[in-house]
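Below are the chains, spelled out letter by letter.
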Amino acid sequence: MSRRPASERLIETFIRLSAGVAIAALVMIFIFIGKEALPVLTSPKVREEAGLSKLFLPQPPAAGKPARFSWQPVSKVPKYSLLPLFVGTIKVTLVSLLFALPLALGAALFTSEFAAAWLKEIVKPVIELLAAIPSVVLGFLALIVTASYVQNVFGLDFRLNTLNAGMALALAVIPVVYTVAEDALSSVPNSFREGSIALGATSWQTAWRVVLPAAFPGIFAACVLGFGRAIGETMIVLMASGNAAVLSWNAGHPFRSLSATVAAELGEVVKGSPHYHVLFFIGVMLFIFTFLTNFAGQMFVTRLKEKLTGAR
Amino acid sequence: MPVPTEDVFRIEDLRIRAGKKELLKGISLSLRRNEILSAIGPSGSGKTTFLRCLNRLTDLEEGLTIEGRVLFKGKNIFDPETDAIELRRKVGMVFAVPMPLPMSIRDNLMLPLRLQSNSLEEDADGRIETCLRAAFLWDEVKDRLSLAATSLSGGQQQRLCLARSLMVRPDVLLLDEPCSGLDPISTAKIEEALQGLKKVMSVVLVTNNVKQASRTSDRTAFLLMGELVELGETGQIFTNPRDSRTGDYVSGRFG
Amino acid sequence: MNRRWIDLISRAFTALTGLACATLVLAVAMILGHVAYHGWAGLSWKFLTTAPRNGMTEGGIFPAIFGTVFLVVLMTVAVVPLGVSTAIYLREYAHADSRWVQAVRMAIQNLAGVPAIVFGLFGLGFFIEFVGKGIDAAFFGGKLYFGQPAILWAALTLALLTLPTVVVSTEEALRVVPRGHREVAYSLGATRWQMVRRVVLPQAVDGILTGTILAVSRGVGEVAPILFTGAAFYLPFLPTRLNQQFMVMNYHVYVLATQSPDIDATLPLLYSTVLVLLLLTLTLNSAAIVIRSRLRRRMKGSK
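These lines cover the structure that appears in this document, whether it is placed above or below. (Residues numbered from 1 in each chain as written. Chains lettered and ligands numbered in written order. Predicted model: local features only at pLDDT ≥ 70, side-chain atom pairs only at ≥ 80, totals over all residues. Heavy atoms only, no water.)

1. Some words on the overall build of chain C
Here comes step 1: Scanning chain C from N- to C-terminus turns up 10 helices and two strands.
Here comes step 2: Overall, chain C shows an N-to-C arrangement of helices and strands of α-α-β-β-α-α-α-α-α-α-α-α.
Here comes step 3: Seen through its principal axes, chain C has C-alpha atoms that stretch 70 × 65 × 35 Å.
Here comes step 4: Taken over 303 residues, chain C has a buried fraction of 58%.
Here comes step 5: Of all intrachain contacts in chain C linking residues separated by at least 6 positions in sequence, the fraction that spans at least 24 positions is 72%.
Here comes step 6: For chain C, the accessible area works out to roughly 12800 Å², and carbon and sulfur atoms hold 65% of it.
Here comes step 7: Put simply, chain C has 25 plus and 13 minus side-chain charges, and the middle of one group is 9 Å from the middle of the other. (Helix = DSSP H or I, 4+ residues; strand = E, 2+ residues; numbered from the N terminus. Buried < 20%, exposed > 50% of the residue type's maximum accessible area, 1.4 Å probe, protein only. Contact = heavy atoms within 4.5 Å. Areas by Shrake-Rupley, 256 points an atom, 1.4 Å probe, with all protein chains shown as cover. Lys, Arg positive; Asp, Glu negative; His and termini not counted. Charge placed at Lys NZ, Arg CZ, Asp CG, Glu CD.)

2. With respect to the side chain of C:E222
Here comes step 1: Inspection of the secondary structure assignment puts C:E222 in the loop between α8 (192-221) and α9 (249-259).
Here comes step 2: Residue contacts for C:E222: discarding those within four places in its chain leaves C:A116, C:L158, C:L161 and C:N250.

3. Topic: the sheet that holds strand β5 (residues 75-76) of chain B
Residues and elements named next belong to chain B.
Here comes step 1: Pairing is antiparallel across the open sheet formed by four strands, whose spatial order is β2-β1-β4-β5. What marks the edges here is a single partner per strand, and that holds for β2 (21-32) and β5.
Here comes step 2: As paired strands, strand β4 (residues 64-72) and β5 are joined by two bridges and run antiparallel to one another. By the bridge assignment, F72 is partnered in β5 with K75.
Here comes step 3: Its contacts with the sheet put helix α1 (residues 47-54) on β1 (7-18), β2 and β4, and the angle it makes with β1 is roughly 120°. (Pairing = 2+ DSSP bridges. Axes fitted to C-alpha atoms, helices over the stretch in contact; angles between N-to-C directions.)

4. Topic: helix α13 (residues 258-265) of chain A
Here comes step 1: Of all eight residues making up α13(A), seven are buried, and the element is well covered by its neighbours.
Here comes step 2: Taken together, the buried positions of α13(A) are A:L258, A:S259, A:A260, A:T261, A:V262, A:A263 and A:E265.

5. A word on the sheet that holds strand β8 (residues 202-206) of chain B
Residues and elements named next belong to chain B.
Here comes step 1: The six strands lie next to each other as β6-β7-β8-β3-β9-β10, forming an open sheet whose pairing is mixed. Two strands bound the open sheet, and with one partner strand each, they are β6 (91-94) and β10 (227-233). Neighbour-to-neighbour, the strand axes of this sheet turn through a mean angle of 15°, independent of strand direction.
Here comes step 2: Judged from the four bridges that link them, strand β3 (residues 36-40) and β8 form a sheet pairing that is parallel. When the sheet's bridge partners are listed, A39 is paired in β8 with V206.
Here comes step 3: In the packing of helix α6 (residues 154-166) onto the sheet, the strands contacted are β6 and β7 (172-176), and the crossing angle to β6 comes to about 170°.

6. Some points on the interface of chain C and chain B
Here comes step 1: Counting residues at the interface gives 18 residues for chain C and 24 residues for chain B.
Here comes step 2: Of the roughly 1800 Å² buried where chain C meets chain B, counting both sides, 66% is carbon and sulfur surface.
Here comes step 3: When the area that chain C buries against chain B is broken down by residue, the three leading residues are C:S187, C:L188 and C:R198, summing to 34%.
Here comes step 4: Between chain C and chain B we count one salt bridge in total.
Here comes step 5: For C:E183, the salt bridge identified is with B:R52, shortest N-O distance 2.7 Å. (Buried area = accessible area lost by both parts, 1.4 Å probe. Salt bridge = Lys/Arg side-chain N within 4 Å of Asp/Glu carboxyl O.)

7. Comments concerning the nonpolar core
Here comes step 1: By size, the foremost hydrophobic cluster in this structure holds 240 residues, and its most contacted members are A:L82, A:F140, A:L266, A:I282, B:F9, B:L14 and C:L71.
Here comes step 2: For this core, the element with the highest residue contribution is helix α3 (residues 62-93) of chain C, accounting for 16 residues.
Here comes step 3: Ignoring sequence-local partners within four residues, the contact set of B:L14 consists of B:L24, B:K25, B:G26, B:I27, B:F50, B:C53, B:I66, B:E67, B:G68, B:V70 and B:F78.
Here comes step 4: Listed in part, the 35 residues of the second largest apolar core include B:A149, B:A163, B:L166 and B:I190. (Core = buried A, V, L, I, M, F, W, Y, C linked by side-chain atoms within 4.5 Å.)

8. Observations concerning the interface of chain A and chain C
For an interface, size is often stated in terms of accessible area lost upon the parts coming together.
Here comes step 1: Taken together, the contact pairs 73 residues of chain A with 75 residues of chain C.
Here comes step 2: Of the roughly 6500 Å² buried between chain A and chain C on both sides combined, carbon and sulfur atoms contribute 81%.
Here comes step 3: Summed over the shared surface of chain A and chain C, the result is one salt bridge.
Here comes step 4: The shortest N-O distance in the salt bridge between A:K271 and C:E129 comes to 3.4 Å.
Here comes step 5: Put simply, chain A and chain C have seven residue pairs in polar contact (both at pLDDT 80 or more) between them.
Here comes step 6: For the side of chain A that touches chain C, the element with the most residues is helix α1 (residues 6-37) of chain A, which contributes 18 residues.
Here comes step 7: Looking at the side of chain A that touches chain C residue by residue, the class counts come to 52 nonpolar, 15 polar and six charged. (Polar contact = N/O pair within 3.5 Å; in protein donor to acceptor, adjacent residues only side chain to side chain. Nonpolar A, V, L, I, M, F, W, Y, C, P; charged D, E, K, R; others polar.)

9. Considering the state of the cysteines
Here comes step 1: For the structure shown, the criterion picks out zero disulfides over all chains.
Here comes step 2: No disulfide involves A:C223; its sulfur sits 17 Å from the nearest other cysteine sulfur, which is in C:C21.
Here comes step 3: Summary of cysteine pairing: B:C161 is not part of a disulfide, and the nearest cysteine sulfur, belonging to B:C179, is at 12 Å. (Disulfide = S-S within 2.5 Å.)

Written out as C-alpha cells, the structure reads:
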C-alpha cells in the first residue's frame, strides 16, 4: 500500500521514540539517584552509621554527652544530621524570596499594567537577561564583591552570611518569578480592565482589585516555582554561604545548604561509603521536593487558564 | 463533441457525522470525465465537507464518522488498502484562501514534484511553464520565478496555487470557493483556466457564487443542510429547477 | 476616602512597582558594568589564546574556552535532534489531547524544574557508573575507559538539562505554522513526514534556532551538572577524545574564586574570565530574544 522509503519510516520511529525520552529521563533520574540512596534505608552497614534516625534525630557526639544535631561526615565519628542543612536551605530560601518576590512581582505588575508599550519593550528583555547570567557569576559576585559591603552595612560578624547569599540567590529566582507572573498578568483579558476603568477606578485600583485576583493562580504558581528554584540552586550558595553546617536561624550567620553539600562533598567521597549514599539521599530529597513544587506550580497555571477561558 | 460518459468518481450514499451532528445525509452522485461539476448551496450545506472527502482531507479532522462509498476509478477510497497519499496525488485541490507556501514561486511549483522523488519530472522547467500557462499566470511571473510567492497579489497567489496543483497531472481537480476573495479579473482568468483544464481532467467546483456556477459548470449540484436537493445540467438547474428550493436559491431568494 | 487620596495612593503604589522594575534593570546594569570595568583591562588576544600559568595566577584561559566550545557542541548535537523531534511528535504526530501527550508535556515541564545538581548526580549514577562502566565491562574487559568522568558524559547530562528549552521553543514555532499550509502539503500528496520536512520545519527554523541558542547559553553557564561528570580543575593538555576530562570556563571561575592560593593575584584574571563568560551568554541570549520577538510578531500577524 505504501511506497514510503525506509529512511522515512526510520525517522518516524525516531520521532515517536524521542517523545518518550523526557518521561524516561525523569523516571531514570529517580531510579538511578534512588538506587544509590537506597542503602541508607536497606544496607545494615550504612544504616549503622547513617540510618534515618541518625539523619533526622539528635545524636550524642560522644557517649554520655547531650544529644545534638550535627553534620560532620568526615570526623572520627561521622555525624550525618541533615537538620543543619535543612535549616540552612530554608533560611537562605526565605531570605532570597523576601527580596525576590516583591521585586519580581512589582516589576511584573509594572510591565504588564502600568508601563508604556515602548518601555515594556526595553524593560522586559533586560529583566529576562538576568536569567542569562550564569549562577557561578552571581556566586562569584556575592563571594568577592558584595560580601564585604553587606557585612559592613548590616554590621554582621561574618563576611559570608545568609543575608548576602540570599540576595545573590534572589537574582537567580527573580527571572523565574517575573516571567511566570508577567505571563499570568498579561493573560488576563483586557475586557476585565476596561470594565473596571469604566467604573472610574484608577489603574492601580484596577490592577489590585481586578487583574491581580484574576491572575492569582498564576501569581501563586510564580511564587511556588521561584521557591523550587531557590531550594535547588547550588553554585551561588556553594560559593557565598561560608559552608558552615551550623544549626542557626540567624541570617547573619554562615550556613550550608543541601545542594551545596552535595556539590562540595561528592567529589571527595569514597564510592559506596555511607557518606556517598547519604549525599545521593539528599539528591533524592531535592528531586522529590522540586518535583512537588513544579507539579503544584503547573497545577496553578492550569487552573489560571481554566479560570480565564471559562470567564471569557 | 464527444459525450463524456465514463465516471471518475462515483459516490454512493455518503454520510458524514461529527459527533451527533450530521454534515452529509446520504449523498449519491457521479463525476464524469472531462466535466466541470459545481456544488452550490448556502454556507453550512456541507459542500466543503463533501469536497474534502473526495481526497480524504477529512482524515485530518478528528471525530468524523464516514459511511457509504466513494469510488475513485472503481475503487473505494475509504478501503483500508487505499493509500490516501496516492489518492491525493491524483486528486488535486485548491483552497478558499490562497495558500502559497513561504518559499519562491518556483519552489512552490517544484514541491509536488519533490514529494514524488521516485518519479522525478525530467523537464521540470517545461512543466512549470505549462502549468503556469494553464493557470494564466505565466506572462505575469515568467521573469521572477525566484521571487517569494507571498509577494504576489491575492489573485496571482490563487492562480499559483492552481498551477501548483496541476504539476503532478491530477485526474480530478477540487476547488473550494477558489474565487471568494478575488478581484473580477483574476476570477475571470481562473474560470477561463478551468475551461481549458476540463479537456484533460474533471473538475469539482464548490462555490458560493451562483453566477459562477452557471457560467462555468456543465452540471450543477444543489446542496442544502447536508442533503443533495437536486443535480442536473447547469442550464436545467438555472432555468427549470425541479425542486422549488433550488429555484428559490438560484434566484437569490435565500442563502 | 476622597478621590484625591485615592489618586495619591494609587500613584504611590504604581511608583513602587516602577521602582521594583528600575531596581532590577539597575541590578543588571551594575553587574555588567562592574564586571566590564574590572575585567576589560585583562582582556586581550593573548588572554584568550594561551593556557593558565604559574598555578593559574597568570596566563590565559584558552583550554577553558576550548573545553566550553567542545562541550556545548557535543551537547547541541545530542539535544537538538532529540528536542526538535519531541516537539514534532507533540505537534504533528500525536493526538492533541491524549493522555500520553499530557504525560510527555508534564515530564518536560518537570524536567525543566529539576535542580542542576540533581542532574549532576544523575550523570554520575547513570552515565558514568551504569552506562560507562557497562561499556567498559562489555567491550574493554573491565579496563577503565568510559566508566570515568568525561566530556561525553558531561555533554549528555547537559543535553538532558536543556532538553525542555529546545522542546518548548520548537513547539512554539510549530504552533505558528498555519494549519492551511499543512493541508496544502497533504493535498499535494505529501506523507506526514514530507509535510513536516518540506513545509513545517522550514518555517520553524527561527524557533529551533532560538531554542538551540538558549540551550547553548544554559550549557555554557551551568556548573553543577558537570562537577562530577567531567569538568577538570586543571589539565595540561586539550581534550581530543570523548572520554577525556576537560577544562571549562564556568568551572574555571569557580575554581579561581574559591581555591586560588593567592586571590589578589588571581582577581584580574578572574574578572576577565567572568567577563568573557558573561559576554558569551548575554550575546547568545540577546540573539535568542531578538529572534523570538521576530517570531512572536509573525505569530500575531498570522492570527
